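Here are the chains, one letter per residue:
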Amino acid sequence: MARLVCVFILAYLEDKQMEAPMSQTTTMTVRISGALSEFVASNVGENGSYENISEYVRDLIRRDKERAEAEAFNRLKAELTRAFAAPEESYRPLTAAEVIARNQG
């Protein structure tokens, strides 16, 4: 059963990669002030880790996206772990139509 879980998880990840929309550029304006502005300034430029604010914001968004994806993946792993820990006699065969109907409603 562990092999089945691995195959399912890999298929899930491949599907997620295929869902990525085509690349597009969006311009956004964000206003920050006070301590947040000072913090951003300390991370940008000659003394910071980023060359400009846009680079910094893109990195923050990428990290948050990765965090959200990791949380979703961990929820899926936990759900599969619970499902495969159930006793064999608790399983019942389902047709594809039954699975689809169950997941739609």
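Provided above is the structure to which this section pertains.
One structure accompanies this document, and this report is about it. If you're wondering where the values come from, they're calculated on a predicted model, not measured in any experiment.

Another point: the pattern of salt bridges. This model, assessed by the stated rule, comprises 4 salt bridges. Two residues, Asp64 and Arg67, come together in a salt bridge whose shortest N-O distance is 2.7 Å. With Asp64 and Arg67 both in helix H3 (residues 53–85), this residue pair falls 3 residues apart, about one helical turn. We classify Asp64 as partly exposed; its relative accessible area is 40%. Ionic pairing is found between Glu71 and Arg67, a salt bridge with its closest N-O pair at 2.8 Å. With Glu71 and Arg67 both in helix H3 and 4 residues apart, the pair spans about one turn of that helix. Note on Glu71: relative accessible area 38%, which makes it partly exposed.

Rules behind the numbers
- Residues numbered from 1 in each chain as written.
- Predicted model: local features only at pLDDT ≥ 70, side-chain atom pairs only at ≥ 80, totals over all residues.
- Heavy atoms only, no water.
- Salt bridge = Lys/Arg side-chain N within 4 Å of Asp/Glu carboxyl O.
- Helix = DSSP H or I, 4+ residues; strand = E, 2+ residues; numbered from the N terminus.
- Buried < 20%, exposed > 50% of the residue type's maximum accessible area, 1.4 Å probe, protein only.

None of this, on its own, says anything about what the molecule does.
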